[in-house]
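Coordinate analysis (summary)
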Amino acid sequence: MLRGVAQVDLQPGHWTGLIFLVALFVGGWQFGAFGLLGCLTATLTAWSFGVPWKRVSAGLEGFSGTLVGVGLVLYLGASWVTLLVVIGAAIGASMVNSALNVLLKPYGLPALTAPFCVVTLLMLIAAPSFHRVWASHPGNVAPSVAHPGTAVSWTDVWHGFFNGFGQVFFQDKWYVGLIFLVGLAVSSRTVAAVACAASLIGLLMGWWLGAQAADLGAGLYGYNSVLAGIALAGTFVVLGPVSLVYAAVGAATAAVTTPAITNTFSIIGGHALTWPFVLVTWVFLGAVPTLSTLRRTT
């Protein structure tokens, strides 16, 4: 279970998972509780249907369920209906995870958080059609809707830096992001350093291109960069000077891709979620075999 929470950030350790879980409860009891529910449901589903125990025990069957729980309670609100929706969606995410692992295996690509993205996006698009699901939804909007403007303050910068870690789990409080960073450091100081650089890259890309200051401060331009940086610098690509540059380019690309996907999905009532991370990482990993200065870790 704890590894399932940690694997959201591609980390294998249960202590990191425990710190991440603490961060979720600090962000709000509903995030911790529903995140655990999603993780438990997805993990038990995979185990019940006979997924190899090595994957289950490593947390590789629980992380998408964790995000399903946190994401749906954020967008639908905490209720008994949402609880049942999370259980059903987490079961669906487990099925999608198994399917993607089979479909992507010939290409040497991991499923990443795509199962969470698929199931959650479908649920959010469908939710307005179901009164019991949609009746008490919080109506979340981007921070820039209430606070428009591109003049970036120092507060926006340092809040955005830490929120880049927190927004991986839909958290927009800087101190919650700091706890997530501590969890990464417990797993690996190298991973934490890469994540810090990636969050800063995402923040700077957004600022340079003229993004809304409130969105930068909320970490909306950093979280996909953080995940892409971790994935491309040591997790799936052998760590080295060239791969660090490669990861930096990937982090910058994820930052630019985020508003593109956000604007596209907003038309149909969806959200970007971690699609930018997934798509950018797939492309960059798919390119590695043709790049002689880079090597895959597996």
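Everything discussed here concerns the structure shown above.
The shown structure was predicted, so the numbers you read here are calculated from the model rather than taken from an experiment.

Conventions we followed
- Residues numbered from 1 in each chain as written.
- Predicted model: local features only at pLDDT ≥ 70, side-chain atom pairs only at ≥ 80, totals over all residues.
- Heavy atoms only, no water.
- Helix = DSSP H or I, 4+ residues; strand = E, 2+ residues; numbered from the N terminus.
- Rg over C-alpha atoms; globule rule 2.2 N^0.38 Å.
- Buried < 20%, exposed > 50% of the residue type's maximum accessible area, 1.4 Å probe, protein only.
- Contact = heavy atoms within 4.5 Å.
- Areas by Shrake-Rupley, 256 points an atom, 1.4 Å probe, with all protein chains shown as cover.
- Lys, Arg positive; Asp, Glu negative; His and termini not counted.
- Charge placed at Lys NZ, Arg CZ, Asp CG, Glu CD.
- Axes fitted to C-alpha atoms, helices over the stretch in contact; angles between N-to-C directions.
- Parallel < 35°, antiparallel > 145°, perpendicular 65-115°, else oblique.
- Disulfide = S-S within 2.5 Å.
- Phe/Tyr/Trp six-rings, centres within 6.5 Å; stacked < 30°, edge-to-face > 60°.

A few words now on the overall build of the chain. Along the chain, the regular secondary structure elements total 16 helices and zero strands. Here the C-alpha radius of gyration of the chain, 18 Å, is about what a compact globule of 298 residues would show, namely 19 Å. Per-residue burial for the chain yields a buried fraction of 52% across its 298 residues. Partitioning the intrachain contacts of the chain with sequence separation of at least 6 by distance along the chain shows that 72% fall at a separation of at least 24. Summing over all exposed atoms, the chain offers an accessible surface of approximately 13,000 Å²; the carbon and sulfur share of this is 71%. Charge-centre separation for the chain: the mean point of 9 positive side chains lies 18 Å from the mean point of 5 negative side chains.

With that settled, consider the environment of Phe-63. Along the polypeptide, Phe-63 turns up in helix α5 (residues 63-76). Remark: the alpha-carbon pair of Phe-63 and Thr-113, spanning 50 residues in sequence, is separated by 7.7 Å. In this structure Phe-63 touches Gly-4, Gln-7, Val-8, Leu-112 and Thr-113, once residues within four positions along its chain are discounted.

Interhelical geometry of helix α2 (residues 14-27) versus helix α11 (residues 174-187) gives an angle of 175 degrees and a closest axis separation of 8 Å. One finds that α2 runs roughly antiparallel with respect to α11. Contacts between α2 and α11 pair Trp-15, Thr-16, Ile-19, Phe-20, Ala-23, Leu-24, Val-26 and Gly-27 from the former with Tyr-175, Val-176, Ile-179, Phe-180, Gly-183, Leu-184, Val-186 and Ser-187 from the latter.

For the coordinates displayed, the defined rule picks out zero disulfides. Not part of a disulfide, Cys-117 finds its nearest cysteine sulfur in Cys-39, a span of 17 Å.

As a further point, take the packing of aromatic side chains. Any two aromatic rings considered together are summarised by their centre-to-centre distance and by the angle between their planes. Per the counting criterion, the structure on display carries 11 aromatic pairs. With a centroid separation of 6.1 Å and an interplanar angle of 50 degrees, the aromatic rings of Phe-162 and Trp-174 are classed as tilted. Of this pair, Phe-162 sits in helix α10 (residues 154-166) while Trp-174 sits in helix α11, and the two are 12 residues apart along the sequence. Judged by its relative accessible area of 30%, Trp-174 falls in the partly exposed class. The rings of Trp-158, Phe-161, Phe-162, Phe-165, Trp-174 and Tyr-175 are connected pair by pair, giving a single aromatic cluster.

Note on placement: Thr-41 falls in helix α3 (residues 29-48). Discounting residues that sit within four places of it in the chain, Thr-41 has contacts with Ile-87, Ala-90 and Ile-91.

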